[in-house]
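Overview (structure and organization)
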Amino acid sequence: MKKRALITGINGQDGSYLAELLLEKGYEVHGILKRNSVAENQTARLDHIFSKLELEYADMLDMASLVRVLQIVKPNEIYNLAAQSHVRISFDQPIYTTQVVALGVLNLLESIKLTDKNIKVYQASSSEMFGNSMDEDGFQRETTSMHPTSPYGCAKVYAYNIGCNYRNAYDMFICNGILFNHESPRRGTNFVTNKVVKEAVKIKYGVTDKLMLGNLDATRDWGHAKDYVRAMVKILEQDKPNDYVCATGISHSVRDLCEYTFSQLDLDYNDYVGVDKKYWRPEELTDLKGDATKLKSIGFKSEYTFETMIDEMINYWINIYENK
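The following refers to the structure shown.

Criteria and thresholds
- Residues numbered from 1 in each chain as written.
- Predicted model: local features only at pLDDT ≥ 70, side-chain atom pairs only at ≥ 80, totals over all residues.
- Heavy atoms only, no water.
- Phe/Tyr/Trp six-rings, centres within 6.5 Å; stacked < 30°, edge-to-face > 60°.
- Helix = DSSP H or I, 4+ residues; strand = E, 2+ residues; numbered from the N terminus.
- Buried < 20%, exposed > 50% of the residue type's maximum accessible area, 1.4 Å probe, protein only.
- Lys NZ or Arg CZ within 6 Å of the ring centre and 35° of its normal.
- Core = buried A, V, L, I, M, F, W, Y, C linked by side-chain atoms within 4.5 Å.
- Contact = heavy atoms within 4.5 Å.
- Axes fitted to C-alpha atoms, helices over the stretch in contact; angles between N-to-C directions.
- Left-handed = near helix turned anticlockwise from the far one by under 90°.
- Nonpolar A, V, L, I, M, F, W, Y, C, P; charged D, E, K, R; others polar.

**Description of the packing of aromatic side chains**
- Evaluation of the coordinates by the stated rule reveals eight aromatic pairs.
- Measuring from ring centre to ring centre gives 6.0 Å for W222 and F306, while their planes differ by 25°; the resulting arrangement is stacked. Of this pair, W222 sits in the loop between strand 9 (219–220) and strand 10 (223–224) while F306 sits in helix 11 (residues 306–322); the two residues are 84 residues apart in sequence, bridging distant segments of the chain.
- Taking relative accessible area as the criterion, W222 reaches 3% and is therefore assigned buried.
- Among the aromatic residues, ring-to-ring pairing joins W222, Y260 and F306 into one connected group.
- The ring centre of Y170 lies 4.4 Å from the NZ or CZ of K113, which sits over that ring.
- If you follow K289 out to its NZ or CZ, it ends over the ring of F139, 4.5 Å from the centre.

What follows is the structure, encoded as structure tokens:
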């Protein structure tokens, strides 16, 4: 019998790559959608596999809808990727972000506890939980103190801890994947990586002539979403539940990102990139760099580098603007 997986947030960047991977592995893949009034845009990342998926409407803030889906699907595994995941927007919508990211996870875990405690659960945790806290060697790992610097990060800390609590209190198989920043051509263009790449290509083709950003000196540990969904599956394949950092161990600044992207297009970023304070966070998170030693010990290895990831994103946007 095929394994059944349920993915919340299936129509996001990670959800779409994860759905592809699980289908390749022979899973029966189900997903939860939050209803959108413009349905045509809702599943764009899933169009190529849409006919192979079973999708249900539910909401992380509506526990009854979650219970209904669990009763219908009866999944073996759940990957909880649903969130308001834009950190800067979490300052503008702190209450909604906290409801979805923190209380939504509690609703899901309680629904699982009431229906089937044997379901394996992957909880999407975040490097934003660490904030500006790091170990003496400059890395963040599973044991690093958590001092988040955004409403999103604070909500993720609650979700992380309530997952650990349910795991210990109710003997449930719940794992936290503490993923550092991960990108791809499917990343929303309001996130800095795809924003930079898309606008650089538009500048190359004469569509625009300026790119405004926030803190150019903030550094992030950027990996590829396709690699990181493989980590999610690897984590749930283990015999015992545990928590794992997923990262490349290499950080780059936003300035590095601009310099590399524009140089690949034979442009000098200094001629086009400016700074606008409106893109700065009220409390800045300056540096992120993860130590994935624990994850590597169970067999995980990244296939992409920072450069090959950005190259793929550049080629994606070139193909779009060359045909316009």
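**Here we look at the nonpolar core**
- In terms of nonpolar packing, the biggest core is built from 35 residues, with I7, L18, L22, Y79, Y122 and L295 touching the most fellow members.
- Among the elements of the structure, strand 1 (4–8), helix 1 (13–24), strand 2 (28–33), strand 5 (120–126), strand 6 (174–179), helix 8 (225–236) and strand 11 (243–246) are those that each provide at least two residues to this core.
- When residues in this core are grouped by element, the largest group, eight residues, is from helix 8.
- When sequence neighbours within four positions are dropped, the list of residues in contact with L18 reads I7, Y79, L81, V229, M232 and V233.
- If you look at the next biggest cluster of nonpolar residues, it comprises 26 residues, including V196, L216, F262 and M313.

**Observations concerning the packing of helix 7 (residues 192–204) against helix 9 (residues 254–264)**
- Where helix 7 meets helix 9, the closest approach of the two axes is 10 Å, and the angle between their N-to-C directions is 30°. In this structure, the crossing between helix 7 and helix 9 has a hand that is right-handed. Facing V192, T193, V196, V197, A200 and I203 of helix 7, the residues of helix 9 in contact are V254, L257, C258, T261 and F262.
- Grouping the constituent residues of the contact of helix 7 with helix 9 by class yields nine nonpolar, two polar and no charged.

**Side note on the environment of T143**
- Within the secondary structure, T143 sits in the loop between strand 5 and helix 6 (151–170).
- By relative accessible area, T143 is classed as exposed at 69%.
- In sequence terms T143 and A64 are 79 residues apart; their C-alpha atoms lie 35 Å from each other.

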